Amino acid sequence: QVHLVESGGGLVQPGGSLRLSCSASERTFLRYDMGWFRQAPGEEREFVAAISQNGGTTYFSDSVKGRSSISRDYFKMMYLEINSLKPEDTAVYSCAAGSSGASLSSDDYEYWGQGTQVTVSS
């Protein structure tokens, strides 16, 4: 069982940057592939980024590709950084852990955090 907690959300102006953190409860975190998803009001949850167990494989959605990065340490933290933020990036961002590879599908993740709100507005 892995308990995940996100932090780093808030109100950001368009064009700004933010760094979201995901903290895991267990050192078994290293066994899991990790992902970030987001959900805007009235919208379905969508994939944002994913990283494999060893950090060697990463994937990004087209919506954030080229202006974001995902990383993890060897303890129990994972990070998502997004630059050049747009109002359409406004959503609740959640991290997830799974054992099916760095996947774009939410179905492949077993554990989820509660999410952190990101609002991009002037």
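Residues numbered from 1 in each chain as written. Predicted model: local features only at pLDDT ≥ 70, side-chain atom pairs only at ≥ 80, totals over all residues. Heavy atoms only, no water.

All right, on to the sheet that holds strand β3 (residues 18–24) then. If you walk across this open sheet you meet the four strands as β1-β3-β8-β7, and the pairing is antiparallel. Whereas interior strands pair on both sides, the edge strands pair on one side only; in this sheet they are β1 (4–7) and β7 (68–72). Strand-to-strand twist in this sheet, taken as the mean axis angle between neighbours without regard to direction, amounts to 15°. As paired strands, β1 and β3 are joined by four bridges and run antiparallel to one another. Along β3, the bridge assignment pairs Ser-7 with Ser-21. (Pairing = 2+ DSSP bridges. Helix = DSSP H or I, 4+ residues; strand = E, 2+ residues; numbered from the N terminus. Axes fitted to C-alpha atoms, helices over the stretch in contact; angles between N-to-C directions.)

Here we come to the pattern of salt bridges. Within this structure, the stated rule accounts for four salt bridges. In this structure, Arg-38 and Glu-46 form a salt bridge, with 2.5 Å as the shortest nitrogen-oxygen distance. What makes Glu-46 partly exposed here is its relative accessible area of 33%. A salt bridge links Asp-89 to Arg-67, with the shortest nitrogen-to-oxygen separation between them at 2.8 Å. One end of the pair, Asp-89, is in the loop between β8 (77–82) and β9 (91–98); the other, Arg-67, is in the loop between β6 (58–60) and β7, and 22 residues separate them in sequence. Connected via shared salt-bridge partners are Arg-38, Glu-46, Arg-67 and Asp-89. (Salt bridge = Lys/Arg side-chain N within 4 Å of Asp/Glu carboxyl O. Buried < 20%, exposed > 50% of the residue type's maximum accessible area, 1.4 Å probe, protein only.)

To continue, consider the pairing of strand β5 (residues 46–51). Regular strands place side chains that alternate from one sheet face to the opposite one. With five of six residues buried, β5 lies mostly within the body of the structure. Taken together, the five bridges between strand β4 (residues 33–39) and β5 define a ladder with antiparallel strand orientation. By the bridge assignment, Phe-37 is partnered in β5 with Phe-47. In this structure, the hairpin formed by β4 and β5 is closed by a connection of six residues, where Gly-42 is found at a positive phi of approximately 75°.

As a further point, take the state of the cysteines. With the rule as written, the count across this model stands at one disulfide. Bridging Cys-22 to Cys-95, the disulfide has an S-S length of 2.1 Å. Here the S-S torsion is close to 65°, and the disulfide linking Cys-22 with Cys-95 is therefore right-handed. Of this pair, Cys-22 sits in strand β3 while Cys-95 sits in strand β9, and the two are 73 residues apart along the sequence. Looking at Cys-95, the relative accessible area reads 0%, which means it is buried. (Disulfide = S-S within 2.5 Å.)

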